[in-house]
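Coordinates in review
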Amino acid sequence: MAENEKVAIVTGAARGIGREIARELLSMGMTVVAVDLKDDLLAELPAALDAPGEKLDCRTMDVTDSEGFTGLIDAVAEQYGRLDVLVNNAGITRDGLLMRMEDADWEAVVKVNLTSAFIGTRAVARHMLRGRSGSIINMTSYSGLEGNRGQANYSASKAGMVGLTKTTAKELASKNVRCNAVAPGFIKTEMTDALPQQAKDVALSLIPLKRMGAPEDVARAVAFLASDASAYITAQVLSVDGGMHT
Ligand code: NAD
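Procedures and definitions
- Residues numbered from 1 in each chain as written.
- Predicted model: local features only at pLDDT ≥ 70, side-chain atom pairs only at ≥ 80, totals over all residues.
- Heavy atoms only, no water.
- Helix = DSSP H or I, 4+ residues; strand = E, 2+ residues; numbered from the N terminus.
- Rg over C-alpha atoms; globule rule 2.2 N^0.38 Å.
- Buried < 20%, exposed > 50% of the residue type's maximum accessible area, 1.4 Å probe, protein only.
- Contact = heavy atoms within 4.5 Å.
- Areas by Shrake-Rupley, 256 points an atom, 1.4 Å probe, with all protein chains shown as cover.
- Lys, Arg positive; Asp, Glu negative; His and termini not counted.
- Charge placed at Lys NZ, Arg CZ, Asp CG, Glu CD.
- Pairing = 2+ DSSP bridges.
- Axes fitted to C-alpha atoms, helices over the stretch in contact; angles between N-to-C directions.
- Near = heavy atom within 4 Å.
- Polar contact = N/O pair within 3.5 Å; in protein donor to acceptor, adjacent residues only side chain to side chain.
- Nonpolar A, V, L, I, M, F, W, Y, C, P; charged D, E, K, R; others polar.
- Right-handed = clockwise from strand over helix to strand, strands pointing away.

1. Description of the overall build of the chain
When its secondary structure is counted, the chain shows 9 helices and 7 strands. Taken over the C-alpha trace, the chain has a radius of gyration of 17 Å; the compact-globule value for 246 residues is 18 Å, and the two agree within 12%. Across its three principal directions, the C-alpha atoms of the chain cover 50 × 40 × 35 Å. Sorting the 246 residues of the chain into buried and exposed places 50% on the buried side. Partitioning the intrachain contacts of the chain with sequence separation of at least 6 by distance along the chain shows that 73% fall at a separation of at least 24. Counting every atom, the chain has about 11600 Å² of accessible surface; 52% of that belongs to carbon and sulfur. Averaged over its 26 positive side-chain charges, the chain has a centre that lies 5 Å from the centre of its 31 negative ones.

2. Notes on the sheet that holds strand β2 (residues 31-36)
Spatially, the 7 strands line up as an open sheet ordered β3-β2-β1-β4-β5-β6-β7, and their pairing is parallel. Edge strands, defined here as strands with exactly one partner in the open sheet, are β3 (56-60) and β7 (237-240). Ignoring which end each strand starts from, the neighbouring axes of this sheet average 15° apart. Examined bridge by bridge, strand β1 (residues 7-11) and β2 share 5 bridges and lie parallel to one another. Considered in β2, the bridge of Ala8 is made with Val32. Those strands touched by helix α3 (residues 66-80) are β1, β2 and β3, and its axis lies near 155° from that of β3. Across the sheet, helix α4 (residues 103-131) lies against β4 (85-88), β5 (134-139) and β6 (177-184), angled at about 175° from β4, the strand it touches most.

3. Section: the site of the ligand
Near the ligand, the surroundings consist of 28 residues, among which Arg15, Asp36, Asn89, Tyr154 and Thr189 are the closest. A distance of 3.2 Å separates an oxygen atom of the ligand from a polar atom in the side chain of Lys38. At 2.5 Å from an oxygen atom of the ligand is found a side-chain nitrogen or oxygen belonging to Tyr154. Breaking the shell around the ligand down by element, the ones donating at least two residues are α1 (16-27), α6 (152-172) and α7 (190-193). Residues of the shell around the ligand, tallied by class, amount to 14 nonpolar, 9 polar and 5 charged.

4. Looking at the side chain of His127
Residue position: His127 is located in helix α4. With a relative accessible area of 14%, His127 lands in the buried category. Side chain to side chain, His127 and Asp74 meet in a polar contact 2.8 Å long. Beyond its immediate stretch of four places on either side in the chain, His127 contacts Ile73, Asp74, Ala77 and Leu83.

5. Observations concerning the pairing of β2
For β2, a buried count of 6 out of 6 residues is recorded, marking the element as mostly surrounded by other parts of the structure. Side chains Thr31, Val33 and Val35 of β2 all project onto a buried face; the interleaved residues Val32, Ala34 and Asp36 project onto the opposite face, where all are buried too. Chirality of the crossover, the property in question, places the unit of β2, helix α2 (residues 39-49) and β3 among those that are right-handed.

Given below as structure tokens:
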């Protein structure tokens with residue numbers, strides 16, 4: 001399949017890592033459906049990405065809305081007649097130590113980070129199985145692989161992404177639909193800008209390559225897994241973390 005005929009859905013695409021993923025997939029010629037909660041940021045996306053209107057399709061959606069997100073995916077498949085890539089990238093943090101964590105903070109993070117990926121995966125699977133090809137990429141995290149103080153909710157949701165990835169890969173492999181995860185380490189975005197300086201210093205000291213990652217570092221790994229260059233790779237977790245997780 002020529003990469004420039006592919007249609008990709010990227011969630012949480014309005015800023016940060018998701019925006020760079022959209023940029024990278026557009027540069028490969030893919031049609032990108034950019035999904036995000038924040039319509040003001042989505043409105044700025046075509047100019048920010050300098051993308052031709054027919055290649056970038058921005059849609060406002062809360063990906064925890066099961067009916068809405070499923071309907072969006074069905075509508076995209078119907079409109080373009082194909083669906084090749086889903087990147088489950090939307091994510092939030094509500095950090096706090098375990099003993100003080102409120103139920104609401106647990107539930108919100110699991111719902112956005114993990115449940116939405118299940119909803120999206122279930123919905124695209126039908127279309128990808130019919131087309132006998134597809135690539136699903138789930139955004140997990142170093143915290144999901146190693147755990148992280150103050151992130152019981154976030155690490156649990158991201159560890160859940162690994163289980164979802166491996167099970168999806170096993171269930172869909174016979175029809176040539178692949179599913180992999182990308183595990184970023186400490187990447188410079190608004191999510192990490194919000195951390196206190198002390199937490200940033202600790203994180204930096206743990207990175208063998210001695211720098212924070214850029215959103216583009218993650219986007220290039222996602223683009224590889226979205227492309228046919230990774231046709232024989234499924235059920236894997238690719239760390240993009242400057243060497244932290246081994
Ligand atoms: P970000 O906060 O900059 O961007 C996240 C985007 O997701 C935002 O545009 C936001 O509006 C959108 N979003 C949030 N909830 C949504 C919902 N319910 N429906 C639709 N869109 C929603 O974050 P980022 O740093 O770019 O992170 C992107 C992904 O990478 C997340 O899954 C995050 O957990 C993961 N990650 C980030 C880092 C890092 O260091 N930045 C490290 C590991 C993993």
